[in-house]
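Listed here are the chains, written in short residue letters.
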Amino acid sequence: MDLSTAAWDLARATLSSAIPRRWSHVQGVAARASQAAKLLPPPEGKLLIAAALLHDIGYAPGVRLTGFHSLDGARYLRTVGVPERLCALVAHHSCARIEAELRCLSVELAEWDDEATELRDALWWADMTTTPDGQPTNIHDRVTEIQQRYGPDDLVTMFIQRAEPELVAAVERTQARMRAAGVSHLEK
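Criteria and cut-off values
- Residues numbered from 1 in each chain as written.
- Predicted model: local features only at pLDDT ≥ 70, side-chain atom pairs only at ≥ 80, totals over all residues.
- Heavy atoms only, no water.
- Helix = DSSP H or I, 4+ residues; strand = E, 2+ residues; numbered from the N terminus.
- Rg over C-alpha atoms; globule rule 2.2 N^0.38 Å.
- Buried < 20%, exposed > 50% of the residue type's maximum accessible area, 1.4 Å probe, protein only.
- Contact = heavy atoms within 4.5 Å.
- Areas by Shrake-Rupley, 256 points an atom, 1.4 Å probe, with all protein chains shown as cover.
- Lys, Arg positive; Asp, Glu negative; His and termini not counted.
- Charge placed at Lys NZ, Arg CZ, Asp CG, Glu CD.
- Axes fitted to C-alpha atoms, helices over the stretch in contact; angles between N-to-C directions.
- Parallel < 35°, antiparallel > 145°, perpendicular 65-115°, else oblique.
- Phe/Tyr/Trp six-rings, centres within 6.5 Å; stacked < 30°, edge-to-face > 60°.
- Lys NZ or Arg CZ within 6 Å of the ring centre and 35° of its normal.
- Salt bridge = Lys/Arg side-chain N within 4 Å of Asp/Glu carboxyl O.
- Core = buried A, V, L, I, M, F, W, Y, C linked by side-chain atoms within 4.5 Å.

1. Overview of the overall build of the protein
Link 1 in the chain: Within the protein, the regular secondary structure consists of 10 helices and 0 strands.
Link 2 in the chain: Each helix and strand of the protein, placed in order from N terminus to C terminus, yields the pattern α-α-α-α-α-α-α-α-α-α.
Link 3 in the chain: In terms of C-alpha radius of gyration, the protein reaches 15 Å, essentially the compact-globule figure of 16 Å for 188 residues.
Link 4 in the chain: In terms of overall dimensions, the protein has C-alpha extents of about 40 × 40 × 30 Å along its principal axes.
Link 5 in the chain: Out of the 188 residues belonging to the protein, those deemed buried represent 52%.
Link 6 in the chain: Contacts in the protein between residues far apart in sequence, at least 24 positions, make up 67% of those at least 6 positions apart.
Link 7 in the chain: With an accessible surface of roughly 8,300 Å², the protein has 54% of that area assigned to carbon and sulfur atoms.
Link 8 in the chain: Here the protein carries 20 positive and 25 negative side-chain charges, and the mean point of each set is 3 Å from the other.

2. Here's the deal with helix 8 (residues 118–128)
Note on helix geometry: an α-helix contains 3.6 residues per turn, so any two residues three or four positions apart are oriented the same way.
Link 1 in the chain: When you tally the buried positions in helix 8, you get 10 out of 11 residues, the bulk of the element.
Link 2 in the chain: In this fold, the buried residues of helix 8 make contact with helix 2 (20–36), helix 3 (42–54), helix 5 (84–91), helix 9 (139–150) and helix 10 (155–181).

3. What about the environment of Leu 39?
Link 1 in the chain: Within the element layout of this structure, Leu 39 appears in the loop between helix 2 and helix 3.
Link 2 in the chain: Here Leu 39 falls in the partly exposed class, since its relative accessible area comes to 23%.
Link 3 in the chain: A C-alpha to C-alpha distance of 7.5 Å links Leu 39 and Arg 177, two positions 138 residues apart in sequence.
Link 4 in the chain: Here Leu 39 is in contact with Thr 174, Arg 177, Met 178, Ala 181 and Val 183, once residues within four sequence places are set aside.

4. What about the packing of helix 9 against helix 10?
Link 1 in the chain: Between helix 9 and helix 10, the shortest axis-to-axis distance is 10 Å and the interhelical angle comes to 170 degrees. Of the possible angle classes, the one that applies to helix 9 and helix 10 is roughly antiparallel. Contact with helix 9, carried on its side by Ile 139, His 140, Val 143, Ile 146, Gln 147 and Tyr 150, involves Val 156, Thr 157, Ile 160, Gln 161, Glu 164, Leu 167, Val 168 and Val 171 of helix 10 and no other residues of that element.

5. Remarks on helix 4 (residues 69–79)
Link 1 in the chain: Among all positions in helix 4, only His 69, Ser 70, Leu 71, Asp 72, Gly 73, Ala 74 and Leu 77 are buried.
Link 2 in the chain: Against the buried residues of helix 4 lie helix 1 (3–15), helix 3, helix 5, helix 6 (96–102) and helix 7 (106–109).
Link 3 in the chain: Of the residues trailing helix 4, Gly 81 is marked for its positive phi of about 85 degrees.

6. Describing the packing of aromatic side chains
Each aromatic ring pair is characterised by the separation of its centres together with the angle its planes make.
Link 1 in the chain: Evaluated as defined, the whole model comprises 1 aromatic pair.
Link 2 in the chain: In this structure, Arg 22 is placed above the aromatic ring of Tyr 59, and the distance from its NZ or CZ to the ring centre is 3.8 Å.

7. Some remarks on the pattern of salt bridges
Link 1 in the chain: Enumeration according to the criterion identifies 20 salt bridges in this entry.
Link 2 in the chain: Of the charged contacts in the structure, one is a salt bridge between Arg 120 and Asp 114, with a shortest N-O distance of 2.8 Å.
Link 3 in the chain: Arg 120 sits in the buried class, given a relative accessible area of 8%.
Link 4 in the chain: Each of Asp 114, Glu 118, Arg 120, Asp 121, Arg 173 and Arg 177 takes part in a single network of salt bridges with overlapping partners.

8. Let's talk about the nonpolar core
A general trend in soluble globular proteins is that nonpolar side chains are found buried together.
Link 1 in the chain: The biggest cluster of nonpolar side chains holds 60 residues, and the ones touching the most others in it are Leu 48, Leu 54, Leu 86, Met 128 and Leu 167.
Link 2 in the chain: Considering every element that reaches this core, the biggest residue donor is helix 10, with 9 residues.
Link 3 in the chain: In contact with Leu 48, not counting residues within four places along its chain, are Ala 33, Ala 36, Ala 37, Leu 40, Leu 119, Ala 122 and Leu 123.

So, in structure tokens, the structure goes:
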């Protein structure tokens, strides 16, 4: 079984009944990642799709330990034998470094390196241009939606406000690469 199929099976088993809306989001992120995967060599494209499928697994009951889903997901994936690079992509998805700082979990997140590659940018793009219900959106509406969902005093709102410039930059880099390669992508 290839990596993206195994990731689909694990994400579906972990999220679909426990957190159906999160599963919808994950499926939408994977669909977006499939578009961006065309920019990468096939093994890298499959890794991107697998990371998209697993990026929010840390929200699942039984996986969630610290409350920081990026870290919880990466740690869980390590225990089930997922390749370290995939664990690192999950750990650092969508500028998790900033949320780790706010949660005083930077040392723990440092178990994995943020690779800061085109693949990583494409993962951030896929996540940050997909609504909670799995529909395409744009980065600015997504940031606004997160702030509204969590409210003005929540740590996640503070995180997204601080991370916004880096997230926007990753999204813009990926969209520029897609345009240059003639890869179409839906946007709200």
